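Results of the structural survey
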Amino acid sequence: MENGRLYGVGLGPGDPELMTVKAARLITAAPVVAFHSARHGRSIARSIAAPYLREGQIEEALVYPVTTEEIGDYRAVIEEHYDAWAVRLAAHLDAGRDVVVLCEGDPFFYGSYMHMHKRLAHRYPTEVVPGVTSVAGASAVLGRPLVERDEILTVLPGTLPADVLAERLAATDSAAIMKLGRTFGTVRDALERAGRLDDAWYVERATTDRERVAPLSTVDPDSVPYFSLALLPSRVHESTASALRGKAPATAAGEVVVVGLGPAGRDWLTPEARAAVEAAEDLVGYGPYLARIPANPRQQRHASDNRVESERAEFALALAAQGRRVAVVSSGDPGVFAMAAAVLEVAAEPRWKDVPVRVLPGLTAAQAVASRVGAPLGHDFCVLSLSDRLKPWDVIAGRLEAAAKADLVIAVYNPGSQSRTWQVEAARELLLRHRSPDTPVVLGRDVGGSGERVRVVRLADLQPSEVDMRTLLIIGSSQTRAVERGDGGTPVVFTPRRYP
């Protein structure tokens, strides 16, 4: 039979909700739960763990028979009881039963469990589960950090002689003094001798419903229980906090950050762009693009139509001039047929010269569509927009013909819309003068979104009816190849890096 496993489980300073998930799980699962208690039978450790105990568990109460006030040679007497308790727990472990020993705070920080550990850990498999210490709990309820920057924290037992305590307290930045109770008078005298009494705080039963916090100099020594401690919190923190309380909050300088959201969804957003969006106070952009950003009540959203880019840019710059942190969002990459150029064009006006503007890149649609079929952009390529809203068709046609003559792969943005229905057919006929009818053409629609659809067709078979504003076309060069897959899926398309 295998031996059982010994667990020393930290319960934290008193609030059962400050126990770790692991501690709660082990307590519930253990066949045997051991805990220390006074002669009256009440156990603080058991009361903390009570929500996680279950019917049928074996409970081993390790009862302290005496207190330090009742006997001179307390250490010798209590060591005998530690030995006897270890024998009791070993019997369970030898029988293959796991044993959880409950310990307030952390098992290895002045914890009662450590006396079982030193007697049993070398004989049985053992695991110690740390807990929130009483010092951490007291600091939390006091609401003051223990140390900041290069300060040194000293933890002292109140049982030290007053002169030793005073010497240590005078030499440290911050301190926690444990084991008060009957030592309180000595600790108070030591703090006064060290010149630290006015800085000291008293915390009793931290995180419980009997919690008490007070300046230590005001505490009646006769009211102090064992489960209390004295704290000298961080002096650096108090001095810097006092300075900040008398200082007006700093006003952050405004700026405009033009952010590329990628083609669709959070997975296509870079960490840098995500950080800029999350830090912004105002989000400006085309409504459907703003809708892709999770709502945050701290931020103000300013949605507008897709055809008012200059007005949107001016609005964002005006907000930034008032000290606001503004993110102007674009789909894909903001520098590719998107908002970066519009913002920078308006920002070039003299009245906006003092407003900082940054541009953060995003994954553009050409890259997203290309990735779905392979590597059609593997060699020289160009990027064109078929929209004639901002430039005349004869310029578009001239550029298409030049790209076709140069045998470049062409990524075509904005190929068609409800109001532009003839450009795709015109572009196809122009390209067929210079390209084979078998040239691969990739049609990628809503890549990364719920309506994603990617097809590969011959240039001669490209149908304008299959193209809209959410579609991007990649038209291969003379070297681009489309290779059928064995599964009959979308062909692999790539352009070799070598050119004949």
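Here the structure is a predicted model, which means the values were calculated and not measured.

Considering the side chain of serine 330
Mapped onto the elements of the fold, serine 330 is located in strand β14 (residues 325–330). Among the polar contacts listed, one links the side chain of serine 330 to the backbone nitrogen of methionine 339, at a separation of 3.1 Å. Sequence-distant contacts of serine 330, that is, excluding residues within four places in its chain, are made with Val259, Gly260, Leu261, Tyr289, Ala338 and Met339.

Side note on the nonpolar core
Ranked by internal contacts, the top residues of the largest apolar core, which has 23 residues, are Leu386, Leu400, Ile410, Leu431, Val441, Leu443 and Leu462. Those elements that provide at least two residues to this core are β17 (381–385), α14 (393–405), β18 (409–413), α15 (423–432), β19 (440–445) and β21 (471–475). Sort the elements by how many residues they give to this core and α14 lands first, with 6 residues. Each residue touching leucine 400, except ones within four places of it in the same chain, is listed here: Leu384, Leu386, Ile410, Ala427, Leu430 and Leu431.

Topic: the sheet that holds β21
Strand pairing within a sheet occurs via backbone hydrogen bonds; the two strands may be parallel or antiparallel. What the 5 strands build is an open sheet, ordered β17-β18-β21-β19-β20; its pairing is mixed. Looking along the sheet, the strands with just one partner apiece sit at the ends: β17 and β20 (453–458). Taken over all neighbouring pairs, the strand axes of this sheet differ in orientation by 20° on average, direction set aside. Summarising the sheet, β18 and β21 pair through 3 bridges and their orientation is antiparallel.

Quick look at the environment of valine 457
Within the secondary structure, valine 457 sits in strand β20. Valine 457 gets classed as buried once you look at its relative accessible area, which sits at 10%. Through-space distance from the C-alpha of valine 457 to that of tryptophan 422 is 19 Å; in sequence the pair is 35 residues apart. With residues near it in sequence (within four places) discarded, valine 457 still touches Thr439, Pro440, Val441, Leu443 and Leu462.

Overview of a nonpolar patch on the surface
Judged by side-chain polarity, Ile44, Tyr226 and Phe227 come together as a nonpolar surface patch covering roughly 300 Å² of accessible area. By the secondary structure assignment, phenylalanine 227 is in the loop between β9 (212–215) and β10 (228–232).

Examining the pattern of salt bridges
For the coordinates displayed, the defined rule picks out 26 salt bridges. The shortest N-O distance in the salt bridge between glutamate 192 and arginine 188 comes to 3.7 Å. Of this pair, glutamate 192 and arginine 188 are both found in helix α7 (residues 184–193), 4 residues apart, which corresponds to roughly one turn of the helix. With relative accessibility at 47%, the residue glutamate 192 sits in the partly exposed group. Of the charged contacts, one joins glutamate 204 and arginine 205 as a salt bridge, the two residues approaching to 3.0 Å between their closest N and O atoms. Overall, the relative accessible area of 8% leaves glutamate 204 in the buried class. A single salt-bridge network, built from bridges that share partners, covers Glu79, Asp83 and Arg119.

What about the UniProt feature "domain: Tetrapyrrole methylase" (unreviewed entry) in the protein chain?
With numbering matched to this structure, UniProt assigns "domain: Tetrapyrrole methylase" (unreviewed entry) to residues 5–214 and 256–462. For the annotated span residues 256–462, helix accounts for 32% and strand for 24% of the residues, and the straight-line distance between the end C-alpha atoms is 41 Å.

Re the environment of leucine 153
Relative to the helices and strands, leucine 153 resides in strand β6 (residues 153–157). Measuring from C-alpha to C-alpha, the distance between leucine 153 and glycine 265 comes to 47 Å, with 112 residues separating the pair along the chain. Those residues in contact with leucine 153 that sit more than four places away from it in its chain are Leu146, Val147, Thr172, Ser174, Ala175 and Ala176.

Conventions adopted
- Counting restarts for each chain: residues are numbered from 1 in the order of the written sequence.
- Per-residue local features are limited, in this predicted model, to residues with pLDDT of at least 70; the limit for side-chain atom pairs, both in listing and counting, is 80 or more; totals at the level of whole chains, interfaces and linings are taken over all residues.
- The basis for the side-chain values is all heavy atoms of the structure; hydrogens and waters are excluded.
- Helix and strand assignments follow DSSP, with helices taken as H or I runs no shorter than four residues and strands as E runs no shorter than two, numbered in order from the N terminus.
- We call two N or O atoms a polar contact when they sit within 3.5 Å, provided that within protein one can donate a hydrogen and the other can accept it, with sequence-adjacent residues counted only if both atoms are side-chain atoms.
- Contacts between residues were defined by any pair of non-hydrogen atoms, one from each residue, lying within 4.5 Å.
- Nonpolar cores are built from buried Ala, Val, Leu, Ile, Met, Phe, Trp, Tyr and Cys residues. Side-chain atoms within 4.5 Å join them into one set.
- Here's how the labels work: a residue is buried when its accessible area is under 20% of the maximum for its type, exposed when over 50%, partly exposed in between, all with a 1.4 Å probe on protein chains only.
- Pairing between strands is defined by DSSP: at least two bridges between the two strands are required.
- Axis geometry follows a simple rule: fit a line to the C-alpha atoms, using only the stretch in contact for helices, then measure angles between N-to-C directions, giving values from 0 to 180 degrees.
- Patch definition: residues with relative accessible area over 30% and no salt bridge; like charges joined within 9 Å; nonpolar side chains (Val, Leu, Ile, Met, Phe, Trp, Tyr) joined within 5 Å.
- To measure how exposed things are, a 1.4 Å probe is used in the Shrake-Rupley method; for residues, cover is taken only from the protein chains shown.
- When a carboxyl oxygen of Asp or Glu lies within 4 Å of a side-chain nitrogen of Lys or Arg, that pair is called a salt bridge.
- UniProt positions are given in the numbering used here, feature names are shortened, and annotations may be inferred rather than shown by experiment.

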